[in-house]
Each structure stands twice: as C-alpha cells, then as structure tokens.
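# Coordinate inspection notes
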Amino acid sequence: MVPPIYESTTFKFTDATAIPPAMSGEKGYVYSRRENPTVVRLEEKVAALERGEAAAAFGSGMAAISTTIFAFLRKGDHVVAIRDLYGGTYNLLHEQLPSLGFETSLVETTDESALASAVRKNTRIVYIESPTNPTIKLVDIQRAANIAHSVGALLLIDSTFATPINQNPLTMGADLVLHSATKFLNGHDDLVAGISVGSKDKIRTIKILRRDLGGVLDAFPAWLVLRGIKTMALRVRTQNANAQALASFLSKHPKVARVNHPGLDSHPQHTIAKKQMRGFGGILSFEVKGTKADAIKVTESLRIASLAASLGGVETLVSQPHNMTHTQLSPEERAQTNMPDTLVRVSVGIEDIEDLISDFDEALSSVA
Ligand SMILES: *Cc1c(COP(=O)(O)O)cnc(C)c1O
C-alpha cells in the first residue's frame, strides 16, 4: 500500500545486458540524477492527476519552471509572458533570460488582445499563471493556448494556485503544466519540490536537460509528496470552502477596501473562473482600508493565521508582497500590477472557519 523510499544513489546490475535499456530510460535504473523509482512513482501520480502522459519532478518549483523553459528555447527565440508572475519566475523571465540573450515580452495579464499582438513568428513559449499571485487574476487558458498555437509556440502554465483538483489546463490546450509541489501537492509546509507535466515527448526533452542541469528531486521528499497527495482532494475542498467563506466575510468588512477571490460574484473574471475551474482555490488577497502600517498591524495581530511566506499548507498563512513575496519588483512595478502596500495575501488552511473568521475580524479591529 505504501511505496518504498529508494534512498539509493545507484543501482546494482547482475546482468550487463540490462545496462543499455536502463541508460536510455526505457527500463531499469542507473543513477538517481537520471531516474529513481520513488520519484517516478510521484511523476506517474501527478501525470494522472493532471490528465497528462508523463511528468518530471524537480528539487523545487523554480527548478521545474527554469528547466522546462530552457528545455525548449533555442538561439533567437522569443518568450511572451503575463505581467502578474510569481516573484522568482518574474526575475527569471525579466532578468535572467534577457541577460542570456533571449528577448521576453511581458503583457498585461487580463488583456487577451495584448497577448495576441505580442506573439511573433519566433515566439517559442507563451508563459501564464492562473490564478495569479497575489493579485488572483485569471487567464482564459483555452484562448491563451489558441494564441500560442497560432504562431507554433507552446503554452506553459503555472497552475500551482489552482491544484489539479480545481483545474486541468492540459485538457484546455496547454502544452505543459507546472506546479510548485512545495505548496498544495505536498500540503504540509515541510519540503521544497516542483513538477512539470505534459506529453511523453516533451517530458523526455525536459528530463534530458534535468539530467544535465541536475535539479532533480530526491527520493525522500518525493515519498512525502506522495503521502501528501493522498489527502489533497480533502484538503483542497476544505480550503476552497474556507476561502470562499472568508472572502465573502472580508468583502463585507468595513476595514477592508477590496477582496480578490475568483469565487466571488464581484471578481471581474468570475465567468472565466466558472468556465475553467471546478473549485475556486484556497488563496485570496485583500486590501486593508488604511495605510501600509495598518496592513502590517493586521498581519501581526492574527493569532490563528501566521505571518509567513509560502502557501498551500494545512495552516492559514498571510504575507504581503511589498516586504516578502514580491520584493524583486520595484514599487512602480508593484503598482502597475495592482499590488498596493496594503495588500495582504491569505493562503487559507483547513482550520475551523468560525475560528478563522473571528481571527481576521479581531485583527482588523486592531486598526483605527
Ligand atoms: C512557490 C511558487 C513557485 C516556486 O516554487 P518553489 O517550490 O518555491 O521553487 C512558483 N510558482 C508559484 C505560483 C508558487 O506559488
């Protein structure tokens, strides 16, 4: 019932004719930077959850994202991405890729026509997230896929915030789905991991570069993610419901200026959410009515929720983009993507919802 942890660097052969098929990845194992049985078990599980053919697991979400992007870029290629990106991905696309000679264009996240006019003949990758971090904007996945494919580009989507329980982008035309498995897949805030899911051919290409760049996942955290996945459906359904209830409570609170959650009727893209998501996710963000200091006070006054980076675990965490998750962006860049200094991101856990609501109510009452 429980897979073993193959915590082994290497694998012993008794028959040398078994070496070539193991080296080619066809059958058997040679060395754990290439493949490891526990890690493969995780890859098969996540591929099935995402309705993909295959998957490649990595030592972090960023290793999955960077290796996947680099696996398909060749000299002269161009990348288009939405502006609202995870901080690390923003840096990768906005700083690292241009410094290596790749041209990247960042477009307004919710503007489909901007995306359509940014793609060119040499665009190789269109990169999106949905829902986005921490602004909780959505991208119409099917339409983004059509735009990418119109110029022969691949659509890559970071679906970490949605989880495979709430959304399956491969069924809507995306070519590769990325997850920080650190978050909802594992769900317990006790490891760092990442995964890329897609067709057999594309995952083979990614695994060759993974072997050469070396960002593979180790067997033990792979085993922990496998265990975490067993309860993912239960956790995520509770998080969906808790986030929906907290969002609607906050949207009526006098100290709250604005709430971002795709499950609210007031979300400007609620129709897209209903079209492409089965559940609306455990992440919301809200703007405190007041100053930056007031918002900081709210985050420090919570007693059940913790002020901590990361998301997707069973405990509720809050953070702010200006001092934690999006310090890479200048204040102007943050303003451009609707991340005021009063914005608080909440990763809603599985606590009793009445306890959570009173915690936020009391914390908000601490500001004048
Ligand atoms: C956390 C996160 C990442 C990066 O994952 P790591 O596991 O921290 O490397 C990428 N995208 C999103 C949306 C994330 O939340």
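Please refer to the structure higher up on the page.
Residues numbered from 1 in each chain as written. Predicted model: local features only at pLDDT ≥ 70, side-chain atom pairs only at ≥ 80, totals over all residues. Heavy atoms only, no water.

### What about the packing of aromatic side chains?
Summed over all chains, the structure comprises three aromatic pairs. Ring centres of Phe220 and Trp223 lie 6.2 Å apart, and the angle between their planes is 15°; this geometry places the pair in the stacked category. In this pair, Phe220 and Trp223 are both assigned in helix H9 (residues 219-230), three residues apart and thus about one turn of the helix distant. Aromatic pair Phe286 and Phe360: ring centres 6.2 Å apart, planes at 75°, arrangement edge-to-face. Here Phe360 lies in helix H15 (residues 353-365) and Phe286 lies in strand S9 (residues 283-288), a separation of 74 residues in the sequence. Given the relative accessible area of 0%, Phe360 is considered buried. Against the face of Phe58 rests Arg210, its NZ or CZ located 5.9 Å from the ring centre. (Phe/Tyr/Trp six-rings, centres within 6.5 Å; stacked < 30°, edge-to-face > 60°. Helix = DSSP H or I, 4+ residues; strand = E, 2+ residues; numbered from the N terminus. Buried < 20%, exposed > 50% of the residue type's maximum accessible area, 1.4 Å probe, protein only. Lys NZ or Arg CZ within 6 Å of the ring centre and 35° of its normal.)

### Points about unusual backbone geometry
Cis geometry is found at the peptide bond from Ser130 to Pro131, where omega equals -10°. When you line up the elements, Pro131 lands in the loop between strand S4 (123-129) and helix H6 (141-150). Here the residue pair Asn133 and Pro134 is connected by a cis peptide bond, since its omega of -5° sits within 30 degrees of zero. Positive phi is not limited to glycine here, since Asp189 has a value of about 55°. Owing to a relative accessible area of 33%, Asp189 belongs among the partly exposed residues under this scheme. Unlike most non-glycine residues, Ser310 shows phi in positive territory, near 75°. When its relative accessible area of 23% is taken as the criterion, Ser310 is described as partly exposed.

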